[in-house]
Amino acid sequence: MEEHGCCKKGPGYATPLEAMSGPRESLLYVTCIYTGTGKRKPDYLATVDVDPSSPSYSKVIHRLPVPYLGDELHHSGWNACSSCHGDSSQQRRYLVLPSLVHTTRVQMGSKDLKDFENCNWSGRIYAIDTQKDPRAPSLHKVVEPEDILKKTGLAYPHTAHCLASGDIMVSCLGDKDGNAEGSGFLLLDSEFNVKERWEKPGHSPSFGYDFWYQPRHKVMISSSWGAPAAFTKGFNLQHVSDGLYGKHLYVYTWPGGELRQTLDLGDSGLLPLEIRFLHDPSKDTGFVGCALTSSMVRFFKTPDGSWSHEVAISVKPLKVQNWILPEMPSLITDFLISLDDRYLYLANWLHGDVRQYNIEDLKNPVLTGQVWVGGLIQKGSPVVVEAEDGKTWQAQVPEVQGKRLRGGPQMIQLSLDGKRLYVTNSLFSTWDNQFYPDLSQKGSHMLQIDVDAEKGGLAINPNFFVDFGSEPDGPSLAHEMRYPGGDCTSDIWI
């Protein structure tokens, strides 16, 4: 598969702005989950046709099941990206699929499908070949959890980023028993062999989740979800008080792996999840989405070389009736930044809206677009919002192609040119079952939102709707999305 915009160099693009002029996306790879739905089927990677001129537009055209049950495919990354653009020997070929959890070690009747329900290990990693046939990817290699544990002690792999060296770095959220203090960073070589931990001994974070590196500032910063032993059982507010969830950012030297600073985000920064620097590699600032407190925290380098933070965006909780709590946080579970660093997009999973902010003034983001695409407070739901004057209201959520929108907006992906935003609605199967119990029975869907990248604004594209509720093996849960040629949440520039 040819890498557009490479000029006979390595994968990706020389700059983020050059990437914006890349070709329009025609395919999307989507991680789809049966784990936790009650269906004894393996998770799979779906290929979705997103080319409007194609007869199979807005349809799943291929499904690659993994060979085991219970993996909970979650996030994905690439073996090589724009960080390797200067290396002509590198190519973006393999999609890296960490399985966040799996539970057993009993082989099923078929020799090709293994059930791992009674196993103590967690987290194999799949390498998927997208080059032989981009429309029908194939399994290249499986990194087994036994090998990861033996060499590093790590488990619960989450975020994968390619490095300029050709190695692949994967954040891991705990040890095999689900203890957060076992978290750290796994290094795989270009052949997907387990190498070692990336961080120096004694420099592991207290919690793990996402990470992003900015080489010109010699820094990597990681975020913190919670202890796998807690979040795999569903969300329990008491676990926050018990210290089983994070509220810190961990600042590392890059590429040295020394933990130099820990930023305590306090009560305004609970459950910091997705983290992104600005795409311009010369910039020393970025954002992290704090789910529970529904805030976007900006982090930045200070004149003395240390790092600091401030709340840049705060989505107020809503006073509600007929819910488990008297107030409902929006629960920011994903966000991204356009490649020109002009706009920030975020998803409020519980409230049900997707927002667009102009961040040209980093200290004063301006809301420029908002669209409702699901959520717990949409009309027809038993939950109602109580305004300050005592009146109640619910969000007006349109149907798309005659279908009521289920769940809430979760993962988002932006086209390179910044004009189309794709949205799926599954967070994590246990949490899906807790907050949106009908999602496992009715399945996920994928939407496309048209973006006004000039003046700001968001609108649902009525011609695009992928219904994962009508999959051949039954309704599935759709999570992360990737383009074959890279995107603004996987490519890093150096």
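In case you missed it, the structure is sitting above this.
So, here's what we can say about the structure. (Residues numbered from 1 in each chain as written. Predicted model: local features only at pLDDT ≥ 70, side-chain atom pairs only at ≥ 80, totals over all residues. Heavy atoms only, no water.)

**Description of the packing of aromatic side chains**
Part 1 of the reasoning: Within this structure, the stated rule accounts for 25 aromatic pairs.
Part 2 of the reasoning: Geometrically, the ring pair formed by Phe185 and Tyr252 is edge-to-face, given 5.6 Å between the ring centres and 85° between the ring planes. Taken as a pair, Phe185 in strand 13 (residues 184–188) and Tyr252 in strand 17 (residues 248–253) lie far apart in primary sequence, 67 residues in all. This pair shows no difference in class: Phe185 is buried, exactly as Tyr252 is.
Part 3 of the reasoning: Arranged with centres 5.6 Å apart and planes meeting at 70°, the rings of Trp225 and Trp431 form a pair that is edge-to-face. Taken together, the residues Trp225 in the loop between strand 16 (219–222) and helix 3 (228–231) and Trp431 in helix 5 (residues 429–435) connect sequence positions 206 residues apart. (Phe/Tyr/Trp six-rings, centres within 6.5 Å; stacked < 30°, edge-to-face > 60°. Helix = DSSP H or I, 4+ residues; strand = E, 2+ residues; numbered from the N terminus. Buried < 20%, exposed > 50% of the residue type's maximum accessible area, 1.4 Å probe, protein only.)

**A look at unusual backbone geometry**
Part 1 of the reasoning: Following Trp254, the chain continues to Pro255 via a peptide bond in cis, the omega torsion being 5°.
Part 2 of the reasoning: Mapped onto the fold, Pro255 is located in the loop between strand 17 and strand 18 (259–264).
Part 3 of the reasoning: Of note, Ser58 is a non-glycine position whose phi angle comes to about 65°, a positive value.
Part 4 of the reasoning: In this structure, Ser58 sits in the loop between strand 2 (44–49) and strand 3 (59–65).
Part 5 of the reasoning: Non-glycine residue Tyr156 carries a positive phi angle of around 55°.
Part 6 of the reasoning: Relative to the elements of secondary structure, Tyr156 occurs in strand 11 (residues 155–162).

**With respect to the sheet that holds strand 13**
Part 1 of the reasoning: One open sheet accounts for four strands, arranged 11-12-13-14; its pairing is antiparallel. Only two strands of the sheet have a single partner each, and these edge strands are strand 11 and strand 14 (194–197). Taken pair by pair, the neighbouring strands of this sheet meet at an average axis angle of 30°, ignoring direction.
Part 2 of the reasoning: Note that strand 12 (residues 168–174) and strand 13 share five bridges and pair antiparallel. (Pairing = 2+ DSSP bridges. Axes fitted to C-alpha atoms, helices over the stretch in contact; angles between N-to-C directions.)

**Observations concerning the side chain of Ser223**
Part 1 of the reasoning: Following the sequence through the fold, Ser223 ends up in the loop between strand 16 and helix 3.
Part 2 of the reasoning: Under the relative-accessibility criterion, Ser223 is labelled buried at 0%.
Part 3 of the reasoning: A polar atom in the side chain of Ser223 sits 2.5 Å from the backbone oxygen of Leu273.
Part 4 of the reasoning: When near neighbours in sequence (up to four residues on either side) are disregarded, Ser223 contacts Phe207, Gly208, Tyr209, Asp210, His248, Leu249, Tyr250, Pro272, Leu273, Ile275 and Val288. (Polar contact = N/O pair within 3.5 Å; in protein donor to acceptor, adjacent residues only side chain to side chain. Contact = heavy atoms within 4.5 Å.)

**Quick word on the side chain of Glu199**
Part 1 of the reasoning: Take Glu199: it is sitting in the loop between strand 14 and strand 15 (211–214).
Part 2 of the reasoning: A polar contact of 3.1 Å, which involves the side chain of Glu199, links it to the backbone nitrogen of Phe185.
Part 3 of the reasoning: Within the structure, Glu199 has its side chain in polar contact with the side chain of Arg197 (distance 2.8 Å).
Part 4 of the reasoning: Excluding residues within four positions of it along the chain, Glu199 makes contact with Ser183, Gly184, Phe185, Ser204, Tyr252 and Gly257.

**Topic: the sheet that holds strand 29 (residues 384–386)**
Part 1 of the reasoning: An order of 24-23-29-30 is seen for the four strands of this open sheet, with the pairing classed as antiparallel. Unpaired on one side and paired on the other, strand 24 (327–328) and strand 30 (392–393) mark the two borders of the sheet.
Part 2 of the reasoning: As judged from the two bridges shared by strand 23 (residues 318–321) and strand 24, these two strands associate in the antiparallel manner. Paired with Leu318 across the two strands is Met328, which belongs to strand 24.

**A look at the pairing of strand 13**
Part 1 of the reasoning: Burial within strand 13 is extensive, with five of its five residues counted as buried.
Part 2 of the reasoning: With three bridges connecting them, strand 13 and strand 14 associate as antiparallel partners. Of the residues in strand 14, the one forming a bridge with Leu188 is Val194.
Part 3 of the reasoning: In textbook terms, the turn of a hairpin is the stretch between consecutive antiparallel strands, and for strand 13 and strand 14 this stretch comprises five residues, one of which, Phe192, has a positive phi near 70°.

By themselves, these figures tell us nothing about what the structure is for.
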